[in-house]
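Next come the chains, spelled out residue by residue.
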Amino acid sequence: MQTVVNDVEIRGVYKQIGKNVILNGIDLQVKQGELLTLLGPSGCGKTSTLNVIAGFLDIDKGEVFIKGKKVTHIPPYKRGLGMVFQTYSLFPHMTVYENLDFGLSLRKVPKEERKKRIEQALELVKMVGLENRYPRQLSGGQRQRVAIARALVVQPMLLLLDEPLSNLDAKLRYELRAEIKRLQKEVGVTTIFVTHDQEEALSLSDRIVVMNKGIIEQVGTPTEIYEHPCTEFVFQFIGKSNQLEGKVKTVDSRMVCIELEEGVQVLVESKNMMGPERSYSIGDEVKLYIRPEKLTIQEQESEPEIFYYNKYNASIVQMNYLGSAWEIELLLFGKRVQVLQPFVKSDWKIGAEVTVGWNPSDMMIVKK
Amino acid sequence: MEPVRYDDRQKIVRLSTEIVTARRKRNWRKYIYCGLLLFPLVAFIFGFFVIPMLYILYLSFIETKGETNAFYSIGNYVHFFTDSYYLHSLWLTIKISLYTVVVSLLLGYPVALTMAKCSPRVRGLLTLLVASPLLISIVVRNFGWYLLLLPNGTVHQLLISLGITTSPPKLLFSEIGVVIGLSNAYLPFMILSVATSLYNIDPSLEKAAAILGAGPLRSFWSVTLPLSLPGIVSGVVLVFSMSMSAYVTPALMGGANVPMLPVVAYDQIINLLRWTYGSAISYVLLGITLIMVTIFTRMMEKGRYREVFR
């Protein structure tokens, strides 16, 4: 077996501030050249984890390795990393050129080479010609580009990005997101990206680490995280979800049959179990989760276009037009359920009776 | 969007002009209110500051000869700039003020830095502590120093018993004593104005410097210090101009050995009853202070770190 080089390795990191446990046993490996995202709600410990890697946060227990070297108690200025902050953090009293030169002059790079590298870095972020501007004279997006160039110009071992897009407006955020992805692949630098924006995480990352309350809930590729969440928290945090409740009626290695109420049964694939306990017995109370876009509405009378194992009657309660799709709210088994449809048919109106169907593989199940 | 019809355009024009006139009316009212609110203070300053200052300026251009002979001239000013005693006094005043600025900056900056770094609760406590000397009258504080700095007083005995020196320098009635007294009096102003500019520095700037490879010293020198320049400048200007015009401390702690200009001017007016010459001295003091402060702030604002002052 080939040994995989881990650029960052964190083992059993524990941090407590006062009575609050900030990080409760974090283990994490970051592979060479990958873009890893730390995702979670505010206060989940994602920024703290980044600060541990950068060296800004002293830890109580655990070890941190960067490129195989133990750096647990080495101060940030000796770690040789690059970092981009939410507030841009450009030195306001220095020009763009001086900002980029700061790290290089500290590394005692010869003057000629410094000039060349600064030019290259500015070219990379498309900011050539603005060398003599002060940060005050730049727009938010331009500032963040310079900040990225400043982090990259020193050729860091790691690039750390702490919510770099959250101070920008929606359009710029979208633009710069693509830019960061392109840059990261072009430079090939191992990158750790912190965000609370799931869309950002899904679109950017090679792998995502979902964190909650100081622990890691799941590590996986964007598709794994979205399609096969390991825990209830991950399912609910990423994307929208509908929740149903029921009791296990039969269970085998392929399918679980759940009775929602008298006479109403749904099928769920056995591999879709979430949570720590994955063995079910008959009579167990469970929660069922399904995403709005996995549900399909069909007209009751017409010939079904696709055959679904789970197919039930429901009535339309509300219809919201979102531009790219319709969000339809249904009353299903007395519960409100959201459905995302790319189109609607003319006779789907509020109050109309329809059939809703879905695949057993699209539904997730967790013990109550 | 629907095209705008002619009538609509008319209406839009009318509407917009209506808004403008309404706003103008409201603005007038606002000015009147503002004027009414400001009137008491403006009247007070005008009556008790502006007019007396103009009167002193007028006096300074009157030269007296004998008992009754008075005429307009710039003789008082000529006298000042040709007499070595007064020029020496002016130089002494500037020198002691500069020493005071340097001492209070060197003592005050670390305190301000501590205040900027600590938690809000500790910061509140420190602010109170720093400002607390201002609650005590400057005369009382000066008498305290007077007792400490007396020949063979507490400080002298301490220096001798610690074996630092056998013949301690003269502290009271010397320039050292005045600088000690003035720095003590004006330190809070320096600390508070430097601290204010330190609070405004984004803490992530130091993080950015650190991650780029700057150790604490380098980060302070290249980032924190330049960014705190506005606070340093305002503190320096404040302490300098207050030291230049200080009377109580030089009079009490310097005595006749340290004739700073305000003391000299007081002497001229109260003891020698030479009102016109005393007035001229006051205006020289005011002019020199203004010129020095202006040159200093201009230099800082046009200098290497001009961007910080924007």
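Predicted, not measured: the structure shown is a model, and the values here were computed from it. (Residues numbered from 1 in each chain as written. Chains lettered and ligands numbered in written order. Predicted model: local features only at pLDDT ≥ 70, side-chain atom pairs only at ≥ 80, totals over all residues. Heavy atoms only, no water.)

Some thoughts on the sheet that holds strand E17 (residues 326-332) of chain A
Residues and elements named next belong to chain A. Pairing within the open sheet is antiparallel, and its five strands lie in the order E15-E19-E16-E17-E18. In this open sheet, the two strands that pair with only one neighbour each are strand E15 (296-299) and strand E18 (335-341). Put simply, the sheet's adjacent strands are angled 45° from each other on average, direction ignored. Direction of pairing for strand E16 (residues 310-321) relative to strand E19 (residues 353-358): antiparallel, over a ladder of six bridges. Among the inter-strand pairings, Lys311 is bridged to a residue of E19, identified as Gly357. (Pairing = 2+ DSSP bridges. Helix = DSSP H or I, 4+ residues; strand = E, 2+ residues; numbered from the N terminus. Axes fitted to C-alpha atoms, helices over the stretch in contact; angles between N-to-C directions.)

Quick look at the sheet that holds strand E4 (residues 61-66) of chain A
Residue and element names in this part refer to chain A. The four strands are arranged E2-E1-E4-E5 in an open sheet whose pairing can be described as antiparallel. Strand pairing shows two members of the sheet lacking a second neighbour, strand E2 (20-31) and strand E5 (69-70), which therefore form its edges. Relative to E5, E4 runs antiparallel, the two being bridged by two bridges. Along E5, the bridge assignment pairs Phe65 with Lys70. Contacts from helix H1 (residues 46-54) reach strand E1 (6-17), E2 and E4 within the one sheet, and its direction differs from that of E2 by about 65°. (Contact = heavy atoms within 4.5 Å.)

A few points about the UniProt feature "domain: ABC transporter" (unreviewed entry) in chain A
UniProt feature "domain: ABC transporter" (unreviewed entry): in the numbering of this structure it lies at residues 8-238 of chain A. The annotated region residues 8-238 of chain A carries 37% helix and 26% strand content, and the separation between its end C-alpha atoms amounts to 26 Å. (UniProt positions renumbered as here; feature names shortened; annotations may be inferred.)

Notes on the interface of chain A and chain B
Residue-level contacts link 25 residues of chain A with 24 residues of chain B. Where chain A abuts chain B, roughly 2,200 Å² becomes buried across the two surfaces, and 66% of that area is made up of carbon and sulfur atoms. Summed over the three residues of chain A that lose the most area to chain B, namely Tyr77, His93 and Phe102 of chain A, the buried surface amounts to 30% of that side. One can count six residue pairs in polar contact (both at pLDDT 80 or more) joining chain A with chain B. (Buried area = accessible area lost by both parts, 1.4 Å probe. Polar contact = N/O pair within 3.5 Å; in protein donor to acceptor, adjacent residues only side chain to side chain.)

Quick look at the UniProt feature "transmembrane region" (unreviewed entry) in chain B
Residue and element names in this part refer to chain B. Under the UniProt annotation, the feature "transmembrane region" (unreviewed entry) is placed at residues 31-58, 90-112, 124-140, 176-199, 219-240 and 277-296. What you have in residues 124-140 is 65% helix and 0% strand, and the ends, taken at the C-alpha atoms, are 26 Å apart. For residues 176-199, helix accounts for 100% and strand for 0%, while the C-alpha atoms at its two ends are 33 Å apart.

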